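Listed below, chain by chain, are the residues.
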Amino acid sequence: MNKKDLLDKSPNEAFRNDTKSMIELYRSLGYRVFVTQADTGRVDEDLAAVFKNEVSLVVGHSGVGKSSLINLMQPELIQDVEDEEVLTKGRHTTTYASFLKLGTGGFVIDTPGVRSFMIKDYDPINLSWCFVDLRDYISRCKYRECRHLDEPACAVQEAVKNGSISPWRYKSYIAILTGASGREGRVSISWED
Ligand SMILES: Nc1nc2c(ncn2[C@@H]2O[C@H](COP(=O)(O)OP(=O)(O)OP(=O)(O)O)[C@@H](O)[C@H]2O)c(=O)[nH]1
Ligand SMILES: [Mg+2]
Ligand SMILES: [Zn+2]
């Protein structure tokens, strides 16, 4: 999570609390979450250590600071970053993927920002398996081909309702499933419509 400074100075308390809860949620699922600020000019040592001895790919929405973070790790080429922060997401600064050797160790592929993505030949069974927190439930659904969307006797929907699965994660799942990932926040849950 980059741009920590903007979070710290946000007057929106609900946004600050939600972001903190989301970081904790992802950590509880076993993901390593780094909270960074790329424009301090100093690299986060723990983050650089993740890249060392590996080939990594940096992916995320346009303007979040991917190239800025990579530039702190002494890449063989300095990547362009947006001159001034533009609030309207009308353009991408990085327009092609580049493979870079890092002075701090390892190789990285910087990619242009994504606005949304969709898995073209999605298969709900494979997709739901990619969500570690859905795995325990998917085999307990009544229907083997359950998409966990609006099917009856769905163990995943039950787990969301009783709080065992975070609604944020479930919304991420249905956003990708339905091809609405760019509007993730606006995906609604069928029983809450
Ligand atoms: N406030 C703040 N601004 C940042 C931070 N990191 C990067 N920025 C600014 O955010 C803007 C976008 O940064 P980029 O590194 O170009 O973002 P990107 O993710 O590579 O964007 P694309 O190449 O379009 O995908 C630039 O103006 C950066 O200076 C940060 O930690 N805090
Ligand atoms: Mg970039
Ligand atoms: Zn199901």
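Rules and cut-offs
Every chain is numbered independently, its residues counted from 1 as its sequence is written. Following the order in which they are written, the chains are lettered starting with A and the ligands numbered starting with 1. For this predicted model, a pLDDT threshold of at least 70 governs which residues receive local features, and a threshold of 80 or more governs which side-chain atom pairs are given and counted, while totals over whole chains, interfaces and linings are taken from all residues. Per the convention used, a helix needs a DSSP run of H or I reaching at least four residues, while a strand needs a run of E reaching at least two, with both numbered from the N terminus. Two strands pair if DSSP finds at least two bridges between them. Comment: axis = line fitted to C-alpha atoms, over the contacting stretch for helices; angle = value between 0 and 180 degrees taken between N-to-C directions. By convention here, the C-beta atom is placed from the backbone, and a residue is near a molecule or strand when that atom is within 6 Å of it. Any residue that is not Ala, Val, Leu, Ile, Met, Phe, Trp, Tyr, Cys, Pro, Asp, Glu, Lys or Arg is counted as polar, Gly included; the first ten are nonpolar and the last four charged. Note that domain bounds follow an automatic or database assignment of domains. We define a nonpolar core as a collection of buried residues of the types Ala, Val, Leu, Ile, Met, Phe, Trp, Tyr and Cys that are connected via C-beta atoms lying within 7 Å of each other. Any residue whose C-beta has 12 or fewer other C-beta atoms within 10 Å is treated as exposed, any with 20 or more as buried, and any in between as partly exposed, C-beta atoms being built from the backbone. Placing C-beta atoms from the backbone, we regard two residues as in contact once those atoms come within 7 Å. Multiplying 1.5 Å by the helix residue count minus one yields the expected span of that helix.

A.B. asks: Hey, could you go over the overall build of the protein for me, with residue numbers and the actual values?
C.D. replies: Helix and strand content of the protein: 8 helices and 3 strands. Ordered by position from N to C terminus, the α and β elements of the protein give α-α-α-β-α-β-β-α-α-α-α.

A.B. asks: Tell me about the sheet that holds strand β1 (residues 55–58), and name the residues and values.
C.D. replies: Spatially, 3 strands are ordered β1-β3-β2 in an open sheet, and the strand pairing comes out mixed. With partners counted over all chains shown, the strands left at the sheet margins are β1 and β2 (98–101), one partner each. Within this sheet the neighbouring strands show an average axis-to-axis angle of 25°, counted without direction. Relative to strand β3 (residues 107–110), β1 runs parallel, the two being bridged by 4 bridges. Bridged to Val55 within β3 is Phe107.

A.B. asks: Which residues make up the site of ligand 1, and what values go with them?
C.D. replies: Around ligand 1 there are 22 residues in total, and Ala38, Gly65, Ser67, Thr94 and Gly113 lie nearest to it. Looking at the shell around ligand 1, the elements that each hand over two or more residues are α1 (4–8) and α4 (66–71). When residues in the shell around ligand 1 are grouped by element, the largest group, 3 residues, is from α4. Looking at the shell around ligand 1, its residues break down into 5 nonpolar, 11 polar and 6 charged. When residues of the shell around ligand 1 are assigned to domains, at least three map to each of domain 1 (1–35) and domain 2 (45–114).

A.B. asks: Explain the pairing of β2 residue by residue, including any values.
C.D. replies: Strand residues, when the strand is regular, have side chains that alternate between the two faces of the sheet. Bridging between β2 and β3 involves 4 bridges; their strand directions are antiparallel. Opposite Lys101, over in β3, you have Phe107 as the bridge partner. Between β2 and β3, which follow one another and run antiparallel, lie 5 residues, and Gly105 among them has a positive phi close to 110°.

A.B. asks: With reference to specific residues and values, describe the nonpolar core.
C.D. replies: By size, the foremost hydrophobic cluster in this structure holds 15 residues, and its most contacted members are Val156, Ile165 and Tyr173. The contacts of Tyr173, once residues within four sequence positions are left out, are Ser128, Phe131 and Leu134. Judged by nonpolar contacts, the second largest core, of 6 residues, contains Ala38, Phe51, Leu69 and Ile70.

A.B. asks: Run through helix α2 (residues 13–28), naming residues and quoting values.
C.D. replies: Spanning 16 residues, α2 covers 22 Å between terminal C-alpha atoms, matching the ideal 22 Å at 1.5 Å per step. Buried residues are scarce in α2, accounting for 0 of its 16 residues. At the exit of α2 stands Gly30, carrying a positive phi of roughly 100°.

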